[in-house]
Amino acid sequence: MESLSRASIANPGTLSPTSSSASYFLFPRRFRLSNGFSSSSAFGNLRRIVSRGRVRAEIEKPNAPVIDFSDPEWRIKYQKDFELRFNIPHITDVFPDAKPIPSTFCLRMRTPVSEDFAGGYPSDEEWHGYINNNDRVLLKTINFASPNSAGAVCIDPDCTWVEQWVHRAGPREKIYFKPEEVKAAIVTCGGLCPGLNDVIRQVVITLEIYGVKSIVGIPFGYRGFSNSDLSEMPLSRKVVQNIHLSGGSLLGVSRGGPSVSDIVDRMQEKGINMIFVLGGNGTHAGANAIHEECRKRKLKVAVVGVPKTIDNDILLMDKTFGFDTAVEEAQRAINSAYIEAHSAYHGVGIVKLMGRHSGFIAMHASLASGQIDICLIPEVPFQLHGPHGVLTHLKYLIETKGSAVVCVAEGAGQNLLQKTNATDASGNMVLGDIGVHIQQETKKYFREIGVHADVKYIDPTYMIRACRANASDGILCAVLGQNAVHGAFAGYSGITVGICNTHYVYFPIPEVIAYPRPVDPNSRMWHRCLTSTGQPDFI
């Protein structure tokens with residue numbers, strides 16, 4: 001039976017540079033370029049390469065069809081392929097005869113839906129708060145003039161501008177579910193993240209505004225579908241009213257779970273026809289598998305994801321909820337490390353932050369604090385020893401400044417550690433502790449060269465994960481939760497909701513979970529971080 005711990009999803013694009021300038025190009029998943037550029041496979045095939053002192057990344061995918069850029073129609077073909085890939089699944093794909101009804105969501109009409117409206121739902125046709133199904137949001141907003149521009153994301157070697165549009169999120173004037181027939185379920189999977197309760201709360205509140213009376217929470221992730229000892233939790237506005245004031249998840253979280261077939265069996269038994277899944281890449285892969293299984297069985301079920309990853313590593317989105325809170329809370333750890341280092345004779349403070357594959361938290365926290373001398377992330381290789389290593393630079397900082405502070409992402413420098421070959425319940429590789437390794441190597445290095453160093457190490461991971469969402473994340477969670485419900489009632493399934501260029505959009509799940517979104521080492525944000533830290537290349 002298939003497992004929800006991991007799912008194989010085709011990659012929608014690639015990051016591939018053309019030169020040592022480390023410019024990145026985004027290509028469609030089914031195309032291989034006739035000039036030698038290639039589209040990518042999974043993130044696991046990402047190769048980090050050092051060339052002429054610059055870091056670049058490649059992802060390769062063999063046996064893909066060829067695009068001929070000399071074909072004057074290539075842009076049209078590319079756009080058609082893009083539109084096909086980003087077309088979001090709808091109930092009418094399986095039930096072409098499904099009839100929409102006027103939306104029960106109207107903020108001018110606040111009368112609760114009841115038996116009084118058995119013959120039809122009240123609707124204010126003059127309310128202009130609905131989203132047209134043809135509304136689109138531009139995916140990319142910068143027209144790069146050259147592939148050598150910092151952070152350039154190009155389709156072809158000439159950086160030709162091609163408009164790419166995605167579906168705008170929000171309430172529709174017509175809906176495909178009658179509220180009194182809906183039984184909605186919410187499930188939170190993976191690890192904890194600030195904002196989970198905020199999203200749960202807004203999903204419940206918005207469902208009730210539509211008129212849904214049957215709302216349940218599935219306890220402890222996908223596991224709650226198979227464990228007979230775990231009962232579903234009835235949810236209402238009264239139950240969730242103040243849960244956003246606390247961190248964690250009202251429903252609990254866990255990794256892994258039963259097979260897709262078993263989950264859909266349980267959904268059928270319980271009469272669930274709307275499910276909102278809060279989680280990261282692995283959880284979304286499971287949600288997409290549930291969506292496909294429901295379509296296969298011809299079940300009228302809406303499966304909608306809300307991307308939850310504190311690492312901010314979901315493709316195509318500006319940010320995911322919990323990230324801003326993590327960056328803000330990380331400031332406390334960084335400031336503590338700075339005070340410890342600054343107050344000691346030859347003090348060195350080391351802070352390890354979250355980021356298995358992507359260094360967004362470490363990069364943004366370092367830039368925000370202004371107290372970091374060295375920032376190490378998974379996307380940029382480094383050496384500890386040698387004339388250009390991190391330890392040599394730490395010695396220079398001790399000699400010139402008297403102290404130093406290092407911020408390292410948990411996934412950085414894994415090549416320096418012995419592999420564990422172990423995986424967690426979600427199928428993620430168990431990482432070695434790079435923070436402890438740097439701490440030990442730093443102490444050893446200074447001891448060997450006869451220089452005193454007072455090294456302090458701080459790992460605030462679980463303190464950050466358990467925090468209540470800050471104001472910025474609170475707003476993001478509220479809008480994501482609301483739009484998830486709007487998408488489900490509009491008849492969409494197999495989608496996730498996110499923020500793109502400051503606007504809220506719907507994406508088909510496979511396009512955002514192909515691989516974790518990495519930091520571009522040639523991006524302006526990484527350059528800004530380097531400007532702040534003043535660190536050299538450690539290679």
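Residues numbered from 1 in each chain as written. Predicted model: local features only at pLDDT ≥ 70, side-chain atom pairs only at ≥ 80, totals over all residues. Heavy atoms only, no water.

Undergrad: Just to check I follow, could you spell out the side chain of Asn273 for this structure?
TA: Position of Asn273 relative to the elements: it lies in the loop between helix 4 (260-270) and strand 14 (274-279). Judged by its relative accessible area of 14%, Asn273 is buried. In contact with Asn273, not counting residues within four places along its chain, are Phe177, Glu181, Val182, Lys183, Lys300, Val301 and Ala302. (Helix = DSSP H or I, 4+ residues; strand = E, 2+ residues; numbered from the N terminus. Buried < 20%, exposed > 50% of the residue type's maximum accessible area, 1.4 Å probe, protein only. Contact = heavy atoms within 4.5 Å.)

Undergrad: Would you take a moment to explain the packing of aromatic side chains for this structure?
TA: Two measures describe an aromatic ring pair: the distance that separates the ring centres and the angle between the ring planes. Tallying each qualifying case throughout the model produces eight aromatic pairs. The interplanar angle of 25° and the centroid separation of 6.5 Å between the aromatic rings of Tyr78 and Phe82 together place this pair among those described as stacked. Placement of both Tyr78 and Phe82 in helix 1 (residues 74-85) is noted, with a separation of four residues, approximately one turn of the helix. With a relative accessible area of 4%, Phe82 lands in the buried category. With centroids separated by 4.1 Å and ring planes inclined at 5°, the aromatic side chains of Tyr210 and Phe489 adopt a geometry described as stacked. Separated by 279 residues along the polypeptide, Tyr210 in helix 2 (residues 196-210) and Phe489 in helix 11 (residues 471-489) bring together distant segments of the chain. Judged by its relative accessible area of 0%, Tyr210 falls in the buried class. (Phe/Tyr/Trp six-rings, centres within 6.5 Å; stacked < 30°, edge-to-face > 60°.)

Undergrad: Before we go on, may I ask you to explain the side chain of Thr442 in this structure?
TA: Tracing the backbone shows Thr442 in helix 9 (residues 434-448). Sequence-distant contacts of Thr442, that is, excluding residues within four places in its chain, are made with Val348, Ile350, Leu391, Leu394 and Val455.

Undergrad: Sorry, what's going on with helix 6 (residues 323-343) here?
TA: An α-helix turns once every 3.6 residues. As a result, residues three or four positions apart point the same way. The terminal C-alpha atoms of helix 6, which comprises 21 residues, lie 30 Å apart, in line with the 30 Å expected from a rise of 1.5 Å per residue. Along helix 6, the residues that are buried comprise Phe323, Asp324, Thr325, Ala326, Val327, Glu329, Ala330, Gln331, Ala333, Ile334, Ala337 and Ala341. Contacts made by the buried residues of helix 6 are with strand 16 (347-353), helix 7 (360-369), strand 18 (403-409), strand 19 (454-458), helix 10 (461-465) and helix 11. (Expected span 1.5 Å × (residues − 1).)

Undergrad: In this structure, what is going on with the state of the cysteines? I would like to understand it.
TA: When the sulfur atoms of two cysteines share a covalent bond, that bond is a disulfide. Throughout the structure, instances matching the rule amount to one disulfide. Of all cysteine sulfurs in the structure, the one in Cys529 sits closest to Cys375, which takes part in no disulfide; the separation is 4.1 Å. The class for Cys375 is buried, based on a relative accessible area of 2%. (Disulfide = S-S within 2.5 Å.)

Undergrad: Please clarify how the pattern of salt bridges should be interpreted in this entry.
TA: Think of it this way: side chains of opposite charge can pair up when their charged atoms draw near. A full pass over the atoms with the stated rule returns 17 salt bridges. Notably, a salt bridge pairs Lys183 with Glu232, separated by 3.0 Å at the nearest N-O pair. Linking Lys183 in strand 11 (residues 183-188) with Glu232 in the loop between strand 12 (214-218) and strand 13 (233-234), this pair joins segments that are 49 residues apart in sequence. When its relative accessible area of 14% is taken as the criterion, Lys183 is described as buried. Exposure remark for Glu232: the relative accessible area of 26% places this residue in the partly exposed category. The partner of Lys352 in a salt bridge is Asp459, with the nearest N and O atoms 3.5 Å apart. (Salt bridge = Lys/Arg side-chain N within 4 Å of Asp/Glu carboxyl O.)

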